[in-house]
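Spelled out, the chains give:
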Amino acid sequence: MLLNWTVMILYNYFSAMFVGPGYVPLGWTPEKSQDCMYLQYCKVCQSYKAPRSHHCRKCNRCVMKMDHHCPWINNCCGYQNHASFTLFLLLAPLGCIHASFIFVMTMYTQLYNRISFGWSSVKIDMSAAKRDPRPIIPFGLSAFAASLFALGLALGTTIAVGMLFIIQMKVILTNKTSIESWIEEKAKDRIQYYQTGETFIFPYDMGSKWKNFKQVFTWSGIPEGDGLDWPVRDGCHQYSLTIEQLKQKADKRVRSVRYRAIEDYSGVCCPVTKGVKTFFTTPCTEEPRIALSKGDLILATRGLNHWMYGEKILDSAADGGIRERGWFPRKCVEKCQYDSETDQPVDGEKKNR
């Protein structure tokens with residue numbers, strides 16, 4: 001049974017790694033040209049982003065139904081390998097639970113034969129078993145230490161990977177991805193902020209957990225659909241989610257604040273010269289850092305106490321041109337003073353948009 005766990009774990013692990021998530025074809029456009037207005041355009045892939053697809057900076061491609069980029073499989077989790085990745089997250093804890101049982105029983109039986117109870121102390125003789133002088137497997141101090149270490153590793157893996165499995169199953173049963181769950185949360189914040197009175201309904205939830213489950217897990221191992229067109233629930237538009245993404249992108253531009261760099265920043269993850277607090281509060285994320293030179297302009301969209309995230313406006317960029325995104329220390333920039341033509345809208349104007 002332990003070998004069976006191992007084979008199934010490795011099969012799903014390597015399937016998730018080598019099959020991959022599936023990528024939007026380079027230069028892809030929707031069949032109807034008028035549908036392009038509902039989609040975002042990827043300048044790297046020179047194609048429109050299909051519904052539920054997102055561009056991965058690590059893979060440098062637009063990934064179909066992207067959930068996240070996993071460093072453990074060195075690939076994205078998406079349309080084609082979502083089932084294999086989730087099965088790996090299920091089978092790994094089950095195999096580790098079985099291994100933990102073996103380790104516990106091994107240490108129990110071996111120590112039971114080596115423990116002697118006195119009136120005032122308990123003695124453990126690891127040199128030989130007292131009741132079984134010829135154990136099947138020699139069990140000394142080094143074997144005990146190795147078994148104890150392996151038990152801790154198995155229990156840690158069970159807890160960590162098991163939590164990831166629960167998170168994945170929650171999004172699968174609602175036919176979402178981790179990114180789409182975040183988009184839905186931002187949609188609620190946007191509606192509440194502008195008080196538009198609209199209601200955002202996630203279009204890909206089929207209304208049944210079993211139907212949502214079958215969207216990912218099939219007997220053939222091949223997920224339903226082609227990764228570009230998706231069935232939607234009644235009353236929803238095929239591009240409901242992409243339209244909401246465009247609204248959030250426009251809202252992001254409205255809320256962005258322009259800053260100017262007053263210090264150089266090399267783009268290192270933990271800068272030593274920018275202060276102790278900046279060094280120890282670096283963002284725990286895979287998002288990149290951007291190098292700054294004195295005088296650079298940045299559109300900041302979010303921030304922490306000592307760090308900010310934004311887009312650096314390059315000298316060659318026109319309106320809406322190329323921008324380099326990433327984190328940078330807050331102390332390296334200062335807010336720009338706007339004139340009457342470029343001043344940012346006040347709160348009242350924002351809420352009226």
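Look up: the structure comes first, before these words.
Residues numbered from 1 in each chain as written. Predicted model: local features only at pLDDT ≥ 70, side-chain atom pairs only at ≥ 80, totals over all residues. Heavy atoms only, no water.

**Examining the overall build of the chain**
This is how it is decided: Strands are runs of DSSP state E lasting at least 2 residues, helices are runs of H or I lasting at least 4, and numbering of each runs from the N terminus. Residues count as neighbours in contact if any of their non-hydrogen atoms are within 4.5 Å of one another. In short, Shrake-Rupley with a 1.4 Å probe defines the accessible areas, and a residue's cover is counted only from the protein chains shown.
A tally of helices and strands in the chain yields eight helices and 13 strands. A sequence separation of at least 24 residues applies to 63% of the contacts in the chain between residues at least 6 apart. By element, 60% of the accessible surface of the chain is carried by carbon and sulfur atoms, the whole surface being about 21,100 Å².

**So, the pairing of strand S10 (residues 297-303)**
On a regular strand, one side chain projects to one face of the sheet and the next to the other, so that they alternate. The condition is simple: One requirement defines pairing of two strands: DSSP has to find at least two bridges between them.
Pairing of strand S9 (residues 257-261) with S10 involves four bridges; the strand directions are antiparallel. Counterpart to Arg258 in the pairing with S10 is Leu299. Alignment of S10 against strand S11 (residues 307-313), held across six bridges, turns out to be antiparallel. Paired with Ala300 across the bridge in S11 is Gly310.

**A look at the side chain of His98**
Definition in use: Working definition: with a 1.4 Å probe on protein chains only, accessible area under 20% of the residue-type maximum means buried, over 50% means exposed, and in between means partly exposed. Whenever two N or O atoms come within 3.5 Å, that pair is a polar contact, provided that in protein one can donate a hydrogen and the other can accept it, and provided that, for residues adjacent in sequence, both atoms are side-chain atoms.
The residue His98 is located in helix H2 (residues 82-112) in this model. Judged by its relative accessible area of 19%, His98 is buried. Within polar-contact distance, the side chain of His98 engages the side chain of Trp5 at 3.2 Å. What His98 contacts, discounting residues up to four positions off in sequence, is Met1, Leu2 and Trp5.

**So, the packing of aromatic side chains**
Working definition: an aromatic ring pair is given by the centre-to-centre distance plus the angle between the planes. Basically, it comes down to this: Any two rings among Phe, Tyr and Trp, with Trp reduced to its six-membered ring, count as a pair given centres within 6.5 Å; such a pair is stacked if its planes are under 30 degrees apart, edge-to-face if over 60, and tilted if neither.
Inspection of the entire model under this criterion finds 13 aromatic pairs. Centroid distance Tyr38 to Tyr239: 5.5 Å. Interplanar angle 20°. Geometry classified as stacked. Placement of Tyr38 in the loop between helix H1 (2-19) and strand S1 (41-42) and of Tyr239 in the loop between helix H5 (209-216) and helix H6 (240-255) is noted, with a sequence separation of 201 residues between them. Given a relative accessible area of 9%, Tyr239 falls into the buried group.

**Notes on the packing of H1 against H2**
Here is the rule we go by: With axes taken as lines fitted to C-alpha atoms, and helix axes fitted only over the stretch in contact, angles between N-to-C directions fall between 0 and 180 degrees. Convention used here: angles under 35 degrees read as roughly parallel, angles over 145 as roughly antiparallel, angles from 65 to 115 as roughly perpendicular, and any remaining angle as oblique. Two helices that cross are described as forming a left-handed crossing if the nearer one is turned anticlockwise from the farther one by less than a right angle, and a right-handed crossing if clockwise. Polar here means any residue other than Ala, Val, Leu, Ile, Met, Phe, Trp, Tyr, Cys and Pro, which are nonpolar, and Asp, Glu, Lys and Arg, which are charged; Gly is therefore polar.
At a closest axis distance of 9 Å, the pairing of H1 and H2 adopts a crossing angle of 155°. Considering their axes alone, H1 and H2 lie roughly antiparallel with respect to each other. Where H1 crosses over H2, the two elements pack in a sense that is left-handed. Contacts between H1 and H2 involve Leu2, Trp5, Met8, Ile9, Asn12, Tyr13, Ser15 and Ala16 from the first element and Ser84, Phe85, Leu87, Phe88, Leu91, Ala92, Leu94, Gly95, His98, Ala99 and Ile102 from the second. Partitioned by chemical class, the residues of the contact of H1 with H2 number 14 nonpolar, five polar and no charged.

**Things to note about the pairing of S9**
Bridge count for S9 against strand S13 (residues 333-335) is three bridges, and the pairing is antiparallel. Residue pairing in the sheet places Ala261 in a bridge with Val333 of S13.

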